[in-house]
2 protein chains.
Amino acid sequence: MTKLFVVGTGPGDAELVAPKARAAIQASSDLVAYGLYLDLLGDVCDGKEHHDLPLGEEINRARLALDLAASGKTTALVSSGDIGIYAMATLVFELLDRQLQGLEDHPEWLDVEIDVIPGISAMQAGAARVGALLGHDFCTVSLSDLLTPWETIEQRIHCAGKGDFVISFYNPVSKKRDWQLNAARDILLQSRPASTPVLLGRQLTREDESITITTLGELDAKDVDMFTMVSVGNSESRHIVNGSKEWVYTPRGYSKKLSH
Amino acid sequence: MTKLFVVGTGPGDAELVAPKARAAIQASSDLVAYGLYLDLLGDVCDGKEHHDLPLGEEINRARLALDLAASGKTTALVSSGDIGIYAMATLVFELLDRQLQGLEDHPEWLDVEIDVIPGISAMQAGAARVGALLGHDFCTVSLSDLLTPWETIEQRIHCAGKGDFVISFYNPVSKKRDWQLNAARDILLQSRPASTPVLLGRQLTREDESITITTLGELDAKDVDMFTMVSVGNSESRHIVNGSKEWVYTPRGYSKKLSH
């Protein structure tokens, strides 16, 4: 039997890594991951063969993981967050799909037993850090237009705004993409107030974490980098201040039936 | 110092409980939770004072947790999944907000230090169990119209459909609510094909887990109960079969640039 674990290790804090994720890494001889992710995991990675590939080589990373596993090495493909959310898991299945369609020449991939282990995603870490921002219906939108045309993304933001979803933006900016977040803000301003609370959570749960609570009107891509989670409240989200402590929460419903 | 942990313990499998969640429960003298959740956690709950309240008493559960913590007892308010997603966390902050507005008479609540610990939500457990259903932009919609008017929910489903989001329905049915899921299906059929893959994940990651992959056209509330996660793919989600193994994944992008 050949085995591939597809593992999400959560936002960064080692105390938020599921025991199941840690055990999968422990059971593997080979790890395919960015070096940074493994640094956050610590000792459990010692003695493993570590395979890294440059950013942008995601498909080849998934190929490598399948190849290693198919060769008989128990392998873990690892990402931070939830590996099923804007991460590597889907590429593994896309490759399997291609093989099943005869578009690849790797029948050995089909014998690999695959176990996907979810993790806590950045939107969840951010929402918890400021209270309960995801307390009601929410959505995620990736602002990366590398694989999805901007027109599709734009339409989706319009729908998210119109549906009054809490919105978490993944890939809000990169070195080459600096205008999409402000464009997204302007779309949302058509359907919710400028005072809507916004969370900027940078390096969530990590040593250099920083949390900023701002508003939709004040949101600006210049304050955001690749390590920042941007979550925008819905029309009922509330920013409250209790002394030195600030919270943002989104009520569970719209009819405000609070018992006494 | 008085302390309240607000803790999500994941979908059910003890191996998916974050160490941080377990440590919070360990550090508490009092637990406010459904009995079932604690049963899944095992020994860590031994010797704790356990406070339960009937289903439907969510606000009083949050009050009780704040009261206990304010009285000096280190307390954990516990739910399965992510306590920030359709769960108890937001009620705690709604109560604090009311106190800050002078609508409650519990100034002692404002001295409670609150630490929210996220967990893996059912949509993530389900997506991982079948591959990578949440591989691209997704949303969650609660079908419970107890606190949100059906017209609002309906509008949101329309928007989710039009935006081609993968959709996870929380609270899909209950003993008293049996028609909303089929109504939601009919709305989505206006914007995506009847062949769209749908996951029914019952008791995810628990001993009596059952997984069914069906289609939007075949989705029927009679096959769903309160313990079932219903996730609907987007227009590009794929159901693939590899021998006895089935997977569902949603590609990361829309332009299908797969390198070779």
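Being a predicted model, the structure only gives us computed values, none of them experimental.

**Q** Please explain the confidence of the model for chain A as it appears in this structure.
**A** Any region with low pLDDT has predicted coordinates that should not be read closely. Per-residue pLDDT for chain A has a mean of 94; in total, 98% of the residues score no lower than 70. This prediction of the complex comes with two scores: 0.96 for pTM and 0.96 for ipTM.

**Q** Whenever I open this one, the nonpolar core confuses me. Can you help?
**A** One recurring pattern in soluble globular proteins is that nonpolar side chains are buried together. By size, the foremost hydrophobic cluster in this structure holds 48 residues, and its most contacted members are Ile157 and Phe169 of chain A together with Ile157 and Phe169 of chain B. Counting residues in each nonpolar core, the second largest holds 36 residues, with Val7, Ala18, Cys45 and Ile117 of chain A among its members.

**Q** Would you take a moment to explain the relation of the copies chain A and chain B for this structure?
**A** Taken together, a rotation about one axis and a shift along it account for how the two chain copies relate. Mapping chain A onto chain B is achieved by rotating through 180° and translating by 0.0 Å along the same axis, at an RMSD of 0.0 Å. These values place the two chain copies in the arrangement generated by a two-fold rotation axis. Residue Cys139 of chain A of chain A places its C-alpha closer to the rotation axis than any other residue of that unit, at 1.9 Å. The fraction of interface residues of chain A whose copies in chain B are also interface residues reaches 99%, indicating that both copies meet through the same surface.

**Q** I'm lost on the interface of chain A and chain B in this one. Help?
**A** Many structure descriptions define interface size as the accessible area lost when the parts assemble. Contact with chain A, which involves 80 residues of that partner, is made by 79 residues of chain B. In total, chain A and chain B occlude about 7,000 Å² of area from one another, counting both sides; carbon and sulfur atoms represent 58% of this. Where chain A meets chain B, there are six salt bridges. The residue Arg156 of chain A makes a salt bridge to Asp137 of chain B at a minimum N-O spacing of 2.5 Å. In this assembly, chain A and chain B are joined by 31 residue pairs in polar contact (both at pLDDT 80 or more). Top element by residues in the side of chain A that touches chain B is helix α4 (residues 89–100) of chain A. It accounts for ten residues. By residue class, the composition of the side of chain A that touches chain B is 41 nonpolar, 22 polar and 17 charged.

Rules of the game
Residues numbered from 1 in each chain as written. Chains lettered and ligands numbered in written order. Predicted model: local features only at pLDDT ≥ 70, side-chain atom pairs only at ≥ 80, totals over all residues. Heavy atoms only, no water. pLDDT = per-residue confidence, 0-100. Core = buried A, V, L, I, M, F, W, Y, C linked by side-chain atoms within 4.5 Å. Buried < 20%, exposed > 50% of the residue type's maximum accessible area, 1.4 Å probe, protein only. Least-squares fit on C-alpha atoms with pLDDT ≥ 70 in both. Contact = heavy atoms within 4.5 Å. Buried area = accessible area lost by both parts, 1.4 Å probe. Salt bridge = Lys/Arg side-chain N within 4 Å of Asp/Glu carboxyl O. Polar contact = N/O pair within 3.5 Å; in protein donor to acceptor, adjacent residues only side chain to side chain. Helix = DSSP H or I, 4+ residues; strand = E, 2+ residues; numbered from the N terminus. Nonpolar A, V, L, I, M, F, W, Y, C, P; charged D, E, K, R; others polar.

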